[in-house]
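Chains, contacts and geometry: an overview
Here's the letter readout for the chains.
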Amino acid sequence: MKTSLVLSTLLGFGAVAFPWLSADFKEEHMKRGLDIIKRDPELSTLINDLYQKQVKERDDFFANYNATEECEDATPAGVDKRQTSNCRPHPMGDFFPSTVAGLKKFPEAAYPYQNPESTDQRGACPGLNTLANHGYIPRNGIVTVAQTITASAQLFNMGADLSAFLAGGSLIFAGDIPSMTYSIGGADARTNSVGLLGAALGTETGLSGHLRFKEGDASGTRCDFYLCNGDNHNLNKDVFMDLKNQAMMVGGGQYNVKAVTSHFANQYQNSRLKNPYFYFFPPQAALVIGATYFIPGFFSNGTIGAGGVANEASIASFLGASFNADGSFKAYVPEQIPPQGWYRRAYPMLLSEGIDGIITLYTGAA
């Protein structure tokens, strides 16, 4: 598996490519989580086997795919028209991709949506929240690295190297290393495997812990911790409405890469101007940008760039946005797979694509 090589490459040129890299950021902090994974032979085998299978799936897809020009520069005609990535216009009600051949359809009967209970953990990652709400990972939101990797591949077609990187970081920065367990939301005693000793060693914050790993300022869906009285884990109305506006104004009616790039630029400037404690250093900064790229990358109906539709119905369902009759934002609701039907992307998103997405958004917003 090439996870460590790709990670080292990213971090090695990061100081040149990303001026927000902090001088005190230590590469070994990121590698430590991956090293812990490598020392578990069963988990390491799972990751390697899945990764090899996914590489073949990706290569087979592109070997048989005839690329078409992407209509990212289409002029939007209000919200009644949308563009697929292969230049075919779609009315707003046309929910499905231009082609569904070979794509797996969801939701699955074996994984029904359920509202989370009051004791269930949910946090700043809409993808993990969706996995828990459908039971792909434990519904209580207390998960292992292996469960995360398997479920992310099953629902979102996330590459094993990408999910191992994310889950490894989640574990080392916010979880319980002995049990390889972490909370997808806030701190929770259920992740403490060593009792009083664990409590004495420090708090396992979970993914909602401010600046621990995945959570950070300038999020594409959440408010900054210091701007919203600590609510960095629920979908924020103002942040989502800016995303919606960028989809209408620059995305040709889609929540595509061009739209989320413009959205990230706005969120970065807003946080930098308004947040007196604004923090934008790795690993949080890179992961915040990556999570914004994941919006069209994983939540589009079908494969973005290959006939997929980054429409509002798909994106809003995964982000937990509900609307009033006039189309205005109503409330944040638990995330779920679009009940109308949704098709997973055709090939796995490996770590290399995730890095490309970070670079695309960062350079596009600069």
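Residues numbered from 1 in each chain as written. Predicted model: local features only at pLDDT ≥ 70, side-chain atom pairs only at ≥ 80, totals over all residues. Heavy atoms only, no water.

Below, the discussion takes up the overall build of the chain. The helix and strand tally for the chain stands at 12 helices and eight strands. Considering the chain as a whole, with its 366 residues, one finds that 54% of them fall into the buried category. A sequence separation of at least 24 residues applies to 66% of the contacts in the chain between residues at least 6 apart. Of the accessible surface of the chain, which amounts to about 15600 Å², a share of 55% is contributed by carbon and sulfur atoms. (Helix = DSSP H or I, 4+ residues; strand = E, 2+ residues; numbered from the N terminus. Buried < 20%, exposed > 50% of the residue type's maximum accessible area, 1.4 Å probe, protein only. Contact = heavy atoms within 4.5 Å. Areas by Shrake-Rupley, 256 points an atom, 1.4 Å probe, with all protein chains shown as cover.)

Time to look at the packing of aromatic side chains. Under the criterion given, the structure shown has 23 aromatic pairs. With centroids separated by 6.2 Å and ring planes inclined at 50 degrees, the aromatic side chains of Phe264 and Tyr268 adopt a geometry described as tilted. Taken together, the positions of Phe264 and Tyr268, both in helix H9 (residues 257–274) and four residues apart, correspond to about one turn of that helix. Seen from their ring centres, Tyr268 and Phe280 are 5.2 Å apart, and the 70 degrees between their planes marks the pair as edge-to-face. Of this pair, Tyr268 sits in helix H9 while Phe280 sits in the loop between H9 and helix H10 (284–299), placing them 12 residues apart in sequence. (Phe/Tyr/Trp six-rings, centres within 6.5 Å; stacked < 30°, edge-to-face > 60°.)

Right, let's get into the state of the cysteines. As enumerated under the stated definition, the model contains one disulfide in all. Sulfur-sulfur distance for the disulfide between Cys223 and Cys228 comes to 1.9 Å. Between Cys223 and Cys228, the disulfide has an S-S torsion of 80 degrees and is therefore right-handed. (Disulfide = S-S within 2.5 Å.)

Between helix H4 (residues 126–133) and helix H5 (residues 145–156), the least distance of the axes is 11 Å, while the angle of their chain directions is 90 degrees. Taken together, the axes of H4 and H5 are roughly perpendicular relative to one another. Taken together, the residues of H5 that come into contact with H4 (itself represented by Gly127, Leu128, Thr130 and Leu131) are Thr148, Ala151, Ser152, Leu155 and Phe156. Residues of the contact of H4 with H5, tallied by class, amount to five nonpolar, four polar and no charged. (Axes fitted to C-alpha atoms, helices over the stretch in contact; angles between N-to-C directions. Parallel < 35°, antiparallel > 145°, perpendicular 65-115°, else oblique. Nonpolar A, V, L, I, M, F, W, Y, C, P; charged D, E, K, R; others polar.)

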